[in-house]
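A closer look at the structure
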Amino acid sequence: MAIIHFLLVYDLNKQHLISKAEFSNADEATAEYARLEEEHRGDKDLEIVLVGADSLETIKMTHGQYFDGVPATGASPYLAGV
Amino acid sequence: MAVVSERGVVVPPSPPFSKGQINRAGDRLREWLLDDDAWQNATEQETMDTFGVLVPFRASFQQPLNKVVMGLRSFVKSEMKALPPDGKLPVGQRLKREPTIAEKLLRFPGMELARMQDIGGCRAIPTGGAPEVQGILRRIKKHWGPTIKGGKDYTEEPAPTGYRAIHVVVQRDDRLIEIQLRTPGQHEWARAVERTELRTRFALKNGEGPPELLRYFELAAEGIALQDASEAADSTFTEEFGEIWEQVRSYFEKS
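Now for a quick tour of the structure. Please read these numbers as outputs of a predicted model, since none were measured by experiment.

**Notes on the overall build of chain A**
Of the regular secondary structure elements, chain A holds two helices and three strands. In sequence order, chain A lays out its α and β elements as β-β-α-β-α. Viewed in the frame of its principal axes, chain A has a C-alpha envelope of about 40 × 35 × 15 Å. Counting the 82 residues in chain A, one finds 51% classified as buried.

Laid out in structure tokens, this is it:
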């Protein structure tokens, strides 16, 4: 299965994901990652990150902190309400 | 290709970069993170020698990372008892963010950028928990043994934050790639910490933040480790956990 690359931009002030671009080509994804980081270099309110997996559903599980409303998986009582 | 600017000729660095070139770029990043003025006042050549090295250097991890992930996926597939019918596997990857590369260099003054172990990183969270994590680890050792260059078992020896997982660093195409193996409970904990970091903007993973919040996550990690091992928490633990939760619950109330 091919890896799909997702370039995510999270706004720390708005507290949500403001952009999500999808790439099947890793080199294109990496180049766009660098371009976006350069454009926003020094901006401490944005988190730009390049992640990859077999699907968006998997990314929401493995790197889910940038997605709103994704419920916790195991629902440990020690993390209830967190 | 040289670029002529008002300050003279700027020569972009061209790969392959020497270790010295890479480490000097790292040293400047560290310096610029400490002092905004230093960055603003940097010459075009210095800027080029920093980001013109860092950007392609980081990009050179993408293909080795993809290869490691393909292998890791096959190990996960072999070990997981309950495979989802859609064929999706709980394996994800990321290329480290520029600011976190700089912050890490600042936290570890002796660290060389050329030797950083987690510029390309991936993780697997097998649904079967610790036994499947151990099975994947055995496969990594069996198939990739000679390429293993480091790692740490944070399950045996948790980080001061409470973080638990097994990390293995492998070398692929002359690049170091970090593999994280987590049980669903360990991952849920790490996600909760990251969610809270985004919300509060405390760098909790680096041990920065209100002591009660750090203590809460440390205890929660311990509680989850007990759950993972099917052990019961004793009354002292339960009592302390209850007390610390009362101190931190306001951080989690939805605004």
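**So, the nonpolar core**
Formed by 64 residues in total, the largest nonpolar core has its most connected members in B:Leu72, B:Leu113, B:Ile140, B:Ile179 and B:Leu181. Of all hydrophobic cores here, the second largest spans 25 residues; its members include A:Leu79, A:Val82, B:Tyr154 and B:Ala165.

**Some words on the packing of aromatic side chains**
All names here are of chain B. In total, this model carries 16 aromatic pairs over all chains according to the counting rule given. Seen from their ring centres, Tyr216 and Trp245 are 5.5 Å apart, and the 50° between their planes marks the pair as tilted. With Tyr216 in helix H8 (residues 211-228) and Trp245 in helix H9 (residues 235-248), this pair connects stretches of sequence that are 29 residues apart. Exposure remark for Trp245: the relative accessible area of 17% places this residue in the buried category.

**Focus: the sheet that holds strand S7 (residues 175-181) of chain B**
An order of S2(A)-S1(A)-S3(A)-S3(B)-S4(B)-S7(B)-S6(B)-S5(B) is seen for the eight strands of this open sheet, with the pairing classed as mixed. Two strands lie at the open edges of the sheet, namely strand S2 (16-23) of chain A together with strand S5 (148-153) of chain B, each paired on one side alone. In this sheet, adjacent strand axes meet at a mean angle of 25° when their direction is disregarded. Here strand S1 (residues 4-11) of chain A pairs with strand S3 (residues 46-53) of chain A via eight bridges, running antiparallel. Its bridge partner being in S3(A), A:Leu8 is matched across the sheet by A:Val49.

**Regarding the environment of B:Ser230**
Its place among the elements puts B:Ser230 in the loop between H8 and H9. B:Ser230 sits 13 residues away from B:Glu243 along the chain, and the two C-alpha atoms are 23 Å apart.

**Examining the pairing of S3(A)**
Regular strands place their side chains on alternate faces of the sheet. Counting buried positions along S3(A) yields eight of eight residues, so the element is predominantly enclosed. Side-chain alternation along S3(A) places A:Leu46, A:Ile48, A:Leu50 and A:Gly52 on one buried face and A:Glu47, A:Val49, A:Val51 and A:Ala53 on a second face that is also buried. Of the strand pairs in this sheet, S3(A) and strand S3 (residues 91-95) of chain B are connected by three bridges, and their pairing is antiparallel. Its bridge partner lying in S3(B), A:Val51 is registered against B:Arg94.

**Let's talk about the side chain of B:Lys96**
Note on placement: B:Lys96 falls in the loop between S3 and helix H5 (98-107). Assessed through its relative accessible area of 8%, B:Lys96 is described here as buried. A polar atom in the side chain of B:Lys96 sits 3.0 Å from the side chain of B:Asp118. Look past the residues within four positions of B:Lys96 in its chain and what remains in contact with it is A:Tyr33, B:Arg58, B:Ile101, B:Lys104, B:Met116, B:Asp118 and B:Ile119.

**Some details on the side chain of A:Ser76**
Its location among the elements puts A:Ser76 in the segment after helix H2 (56-62). Discounting chain neighbours no more than four positions away, the residues touching A:Ser76 are B:Glu188, B:Ile224 and B:Gln227.

**Examining the interface of chain B and chain A**
Across the boundary between the two partners, chain B contributes 50 residues, which contact 49 residues of chain A. Viewed at the interface, chain A and chain B are joined by six salt bridges. Between A:Glu57 and B:Lys88 there is a salt bridge, and its shortest N-O distance comes to 3.7 Å. The interface formed by chain B and chain A includes 26 residue pairs in polar contact (both at pLDDT 80 or more). The biggest single contributor to the side of chain B that touches chain A is helix H7 (residues 184-200) of chain B, with eleven residues. Across the side of chain B that touches chain A, the residue classes tally to 25 nonpolar, ten polar and 15 charged.

**What about unusual backbone geometry?**
All names here are of chain B. Following Pro15, the chain continues to Pro16 via a peptide bond in cis, the omega torsion being 5°. Its location among the elements puts Pro16 in the loop between strand S2 (8-10) and helix H1 (19-34). The residue Asp173 is not glycine, and still its phi comes out positive at about 50°. Within the secondary structure, Asp173 sits in the loop between strand S6 (166-172) and S7. Backbone geometry places Arg201, a non-glycine residue, at a positive phi of 65°. Positionally, Arg201 belongs in the loop between H7 and H8.

Reading the values: the criteria
- All chains use their own residue numbering, which begins from 1 and follows the written sequence.
- Written order determines the labels here, with chains lettered from A and ligands numbered from 1.
- Per-residue local features of the predicted model are confined to residues with pLDDT of at least 70, and side-chain atom pairs are confined, for both listing and counting, to 80 or more; whole-chain, interface and lining totals are unaffected and use all residues.
- Just so you know, side-chain values use all the structure's heavy atoms and leave hydrogens and water out.
- Going along the chain from the N terminus, every DSSP run of H or I of four or more residues is numbered as a helix, and every run of E of two or more is numbered as a strand.
- Whether a residue is buried, partly exposed or exposed follows from its accessible area with a 1.4 Å probe, protein chains only, as a fraction of its type maximum: under 20%, in between, or over 50%, in that order.
- Grouping buried Ala, Val, Leu, Ile, Met, Phe, Trp, Tyr and Cys residues that are joined through side-chain atoms within 4.5 Å yields what is termed a nonpolar core.
- Working definition: rings of Phe, Tyr and Trp (its six-membered ring) pair if their centres are within 6.5 Å, and the pair is stacked with planes under 30 degrees apart, edge-to-face with planes over 60 apart, and tilted otherwise.
- Strand pairing is defined by DSSP finding a minimum of two bridges between the two strands.
- To obtain each axis, a line is fitted to C-alpha atoms, and for helices this fit is confined to the stretch in contact; angles are then taken between N-to-C directions over 0 to 180 degrees.
- Residues adjacent in sequence count toward polar contacts only when both atoms are side-chain atoms; beyond that, a polar contact is any pair of N or O atoms within 3.5 Å, and within protein one must be able to donate a hydrogen and the other to accept it.
- Should any heavy atoms of two residues lie within 4.5 Å, those residues are considered in contact.
- Within this document, salt bridges are pairs made up of a side-chain nitrogen of Lys or Arg and a carboxyl oxygen of Asp or Glu, the two lying within 4 Å of each other.
- Throughout, the ten residues Ala, Val, Leu, Ile, Met, Phe, Trp, Tyr, Cys and Pro are labelled nonpolar, Asp, Glu, Lys and Arg are labelled charged, and all others, Gly among them, are labelled polar.

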